[in-house]
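Chain residues, written in single-letter form:
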Amino acid sequence: MPYMNSPGNLEQMSLDIKWDPQAVEVHTKSIQLALEPLVNKVTALMNTNGDSGLKKGKSKNAHVLSLAIERATAEFISKAEQIAKENPVVENDIMKALDDVKSSGDKMRVVTTDFCEDPLSANVRKHLVKASRELLSAVTRLLIIADMVDVHVLLNSLKVVREDLDTMKKANSQQELTSKFQTFGEDMMELDHKAYYRQMDLKDPQQRDDMASARATMKKNSMMLLTASKAYISNPNAPEARGNRDFAFEQMENAVNTIGKVTTNKPSGVNRNKDGPGFLAAAMDDFDRRCVTDTATYKDSVSRPVLEKRLETIISSAAHMADRPNTRDARRERIVNECNGVRQALQDLLSGYEKDAGKTEQSRELELKLGKTQKKSKDLRRQLRRAVVDHVSDSFAQTDVPILMMFETAKQGNGKLFPDFAAVFEEHTKKIIEVADLACTMSSDVEGVKLVRYSVREIETLYPQVINAAKILSISPRNKVANENMEVFKAAWETQMRILIASVDNILTIEDFLSVSESHMLDDVNKCVFALQDREGEELDKTAAVVRGRANRICHVVSQEMDALQPSAYTDETMQAVYAFRDNIMPHYSKVVENAMESLAVNKSGTMDENEFIDACRWVYDGVREIRRCVLLNRAFDELDSDSDFDEEAERERARTQSQSASMNHSAGTGNHNGNSRRGSRTHTSSATFQVNNGDTLSQPRSRTASMSGEGAGPPMSAEEWQQSIEDNQVNRAMMRSLPEEEKQQIAAEVAVFKQEKAKLDAEITKWDETGNDIITLAKQMCIIMMEMTDFTRGRGPLKTTMDVIGAAQNISQLGKKMVELAGEIVEQCVQSRTKTDLQNYLKNIVLYTHQLNITSKVKTDITQIGGEMVLSGLESAISLISSAKNLMQAVVQTVKAAYVASTKYRGGANSTSAVVVWKMRAPEKKPLIRPIMPDEANPSIIRKESKHVVHPVRALGEFR
């Protein structure tokens, strides 16, 4: 048993053990482990000539197993007699159970002897089964008696702790309270030690959770119990002091009672009615499942009402979420549109099912309708998730501000203002609880939702007592006991709030969080600029605080996400973006805001240089975009789940590879800031250096938004011009998506063929380590640019204008030239062979297709609107652009394959010296098994899950090619 020899006064315990032989149940792992060897041997004996596959009459194994059972039983009896001698109080009960074990063992020995002589007799086998059950039952009862010793030791400790709590509650002086609390602390630690071993030994995971929760409650409320009791002794007539003390004692008593109930296998009384996935997430999962049905058994009169009712329930809940105050107008509109889209898709699907009813196979038309319904359902789910993140992003940005304001007011003893700040704190807490419950509704993570709801219950019970502690302090601000009490309650609140935030973050995806945070940050920095232009100092200060709070949240969430991953180039680059944002951009932004506030305080109506302020706001937004870009680097295209307003960003992110991202230079003064090099400012391969007023240097990687915002093209834009430039780009993409369906299909057909060639190139270059292999590096870079050029024809990606496409084509020409030169050296070292000839031909093709790409990129392709209809001029040029890129990609694939064969199999020509490139298979990336817990981590109990991405098995196997 886990703590059979633990110190305890067994002589003072009375064990009244009553057994029901028909109801023997094992609750602990130790009993199960002790029984397992004997069960295995008995089972093997009974199966020796049954299901074992041996020929009938072969009883050699039965003799061996019979002897093994005898030895195991004898050894078991010997150990039980030793335990009985060490525990005199239970010796009679153990010896009585031992008599049953011996009797059952003797019967088992006789029956096994008969079985070994005649294993084919049904009557003998029947007696063997009966004897085996009696032996196992007797052994189980003996183990449970031994386990009851441990149970009573723990219950005895519970009794001592209860007595300590009663004596503390009756203490009348500070000295008496302190003395009794010291004794209580020692007894509580002993109880916690025994409860821990019991927790680890329990089989039921729910019982383990209840025990762990009770132990945690005991620990975190122990100091609260002391300070609240002191505050009550100092202010016995204050209802707030009594409330604090009663709360602390109630928490401690509930924890002790829960440990006792779990130990004795009684219901713990914890409310689990809300355990399980969120309502809306479960409803949408059920809807998606019901949409897939068998046409052979489909009945419209049965399926249609069920699906329509389920969908209307979902839409009703979605409408309720859309009408919440923190849901943005644009998000509300998208939710409404997606609801209508799902409703229409369902009607089309039901019509398709009705048409195909009775058929054994689905028609192609029905499959398309089902796919459309599933896509619309997925789109609605995404919008609802993003709506949840809207609320989380706003409510969790500054969780510590209300309690700090209330705390400072209480310390100043300001009785007039205190009720107002207490009301603000209460309202903010209720809002956080509401948002946490909302987050649960859209999560299918059962364990994550359970943790959030537990944290919410803790917050609900704690926040009234925090207000009480602050009220006591406001009455006696100089009272040391009141200050200590407030500090303890404040620390408990902050700890519980961190747990709640971490648990909510755990059920959200970082993609949703960063997408919404980026949009919110753009709104916030625009508000800052408008507040400055309107000379609204108070509004500027308030909004700037929101920006700082949101920035801190972004850095914290991304850092936690990276901590959960194995260190790599990906995590290093992401953390570099976080450090640049946190250590460079935000301090500079805070200083600029401070200077602006001082200027407004001196001369509110005077002129002011707004350019520096606008630049600082732009850098904040660019910093968030850069962090999001880095996080999305390891996401494949099919893993991205992006809003329509972020489609171009998602397309750009999935094209970035770690080889290109590793070349990003985060140091000052290394970037290309030529205003004519449009593409250079868009590919995140440069950094910009900004001079601030004090002469320090601020280094920040530039994103595509920086170039959109007018960087390198004259004086800084105003806030209106900046916002308008972003909106214009979004309109351009909307126009591209509004092209006639026929032209879209022509482009889509070419893109589909192009993607097939891209998949071949990906398969070829991803299996090689690019370290020491510039051919692979060049191939990856060319692939990225060709994807961007192809995306341009569909109104997506980072390229905005024809000039951007021309610049991209020029870059491809330069990369192609480098590849031809590098592969030419391999040709010179290659002996005369068919491979050498093929490689030379492939290099000629690269020269040809890069030239074609240059020509087609310079043919103007524009969108015009004639009579309300979108017209794409130069459609043939767009298709030619895609075709040339496809041909170039084929040539690159062939070149890589031929270069590998030439440099490894046919190397040895006249000019052969050292290898031009190193061909080394890329090792699969390491996947973390668990997140390492740092020694100084404050709350290791909440661990954010690694990104929730389901990797297709074929893709996983591809890493080992």
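Residues numbered from 1 in each chain as written. Predicted model: local features only at pLDDT ≥ 70, side-chain atom pairs only at ≥ 80, totals over all residues. Heavy atoms only, no water.

**With respect to the overall build of the protein chain**
Argument step 1. Summing up its helical and strand segments, the protein chain has 29 helices and 4 strands in all.
Argument step 2. Per-residue burial over the protein chain gives 49% buried out of 961 residues.
Argument step 3. Pairs at least 24 residues apart make up 78% of the contacts formed inside the protein chain by residues separated by at least 6 positions.
Argument step 4. Accessible area of the protein chain: about 45,100 Å², with a carbon and sulfur share of 51%. (Helix = DSSP H or I, 4+ residues; strand = E, 2+ residues; numbered from the N terminus. Buried < 20%, exposed > 50% of the residue type's maximum accessible area, 1.4 Å probe, protein only. Contact = heavy atoms within 4.5 Å. Areas by Shrake-Rupley, 256 points an atom, 1.4 Å probe, with all protein chains shown as cover.)

**Considering the pattern of salt bridges**
Argument step 1. Within this structure, the stated rule accounts for 41 salt bridges.
Argument step 2. Across the pair aspartate 286 and arginine 289 runs a salt bridge, and its minimum N-O distance is 3.8 Å. In this pair, aspartate 286 and arginine 289 are both assigned in helix α8 (residues 279–291), 3 residues apart and thus about one turn of the helix distant.
Argument step 3. Here aspartate 394 and arginine 328 are joined by a salt bridge, their closest N and O atoms 2.7 Å apart. Highlighted residues: aspartate 394 in helix α11 (residues 364–395) and arginine 328 in the loop between α9 (300–322) and α10 (329–356), separated in sequence by 66 residues.
Argument step 4. Using a relative accessible area of 24% as the deciding quantity, one classes aspartate 394 as partly exposed.
Argument step 5. A network of salt bridges, in which partner residues are shared, links Asp286, Arg289, Arg290 and Arg310. (Salt bridge = Lys/Arg side-chain N within 4 Å of Asp/Glu carboxyl O.)

**Focus: helix α16 (residues 510–533)**
Argument step 1. If you check α16, its first and last C-alpha atoms are 34 Å apart, about what 24 residues at 1.5 Å a residue would give, namely 34 Å.
Argument step 2. α16 sits mainly inside the fold: 19 of its 24 residues count as buried.
Argument step 3. Phi turns positive one or two residues past the end of α16, at arginine 535, with a value near 60 degrees. (Expected span 1.5 Å × (residues − 1).)

**Details of unusual backbone geometry**
Argument step 1. Located in the positive-phi region is arginine 535, a residue other than glycine, with phi close to 60 degrees.
Argument step 2. Position of arginine 535 relative to the elements: it lies in the loop between α16 and α17 (537–563).

**Details of the environment of lysine 355**
Argument step 1. If you trace the backbone, lysine 355 turns up in helix α10.
Argument step 2. With a relative accessible area of 57%, lysine 355 lands in the exposed category.

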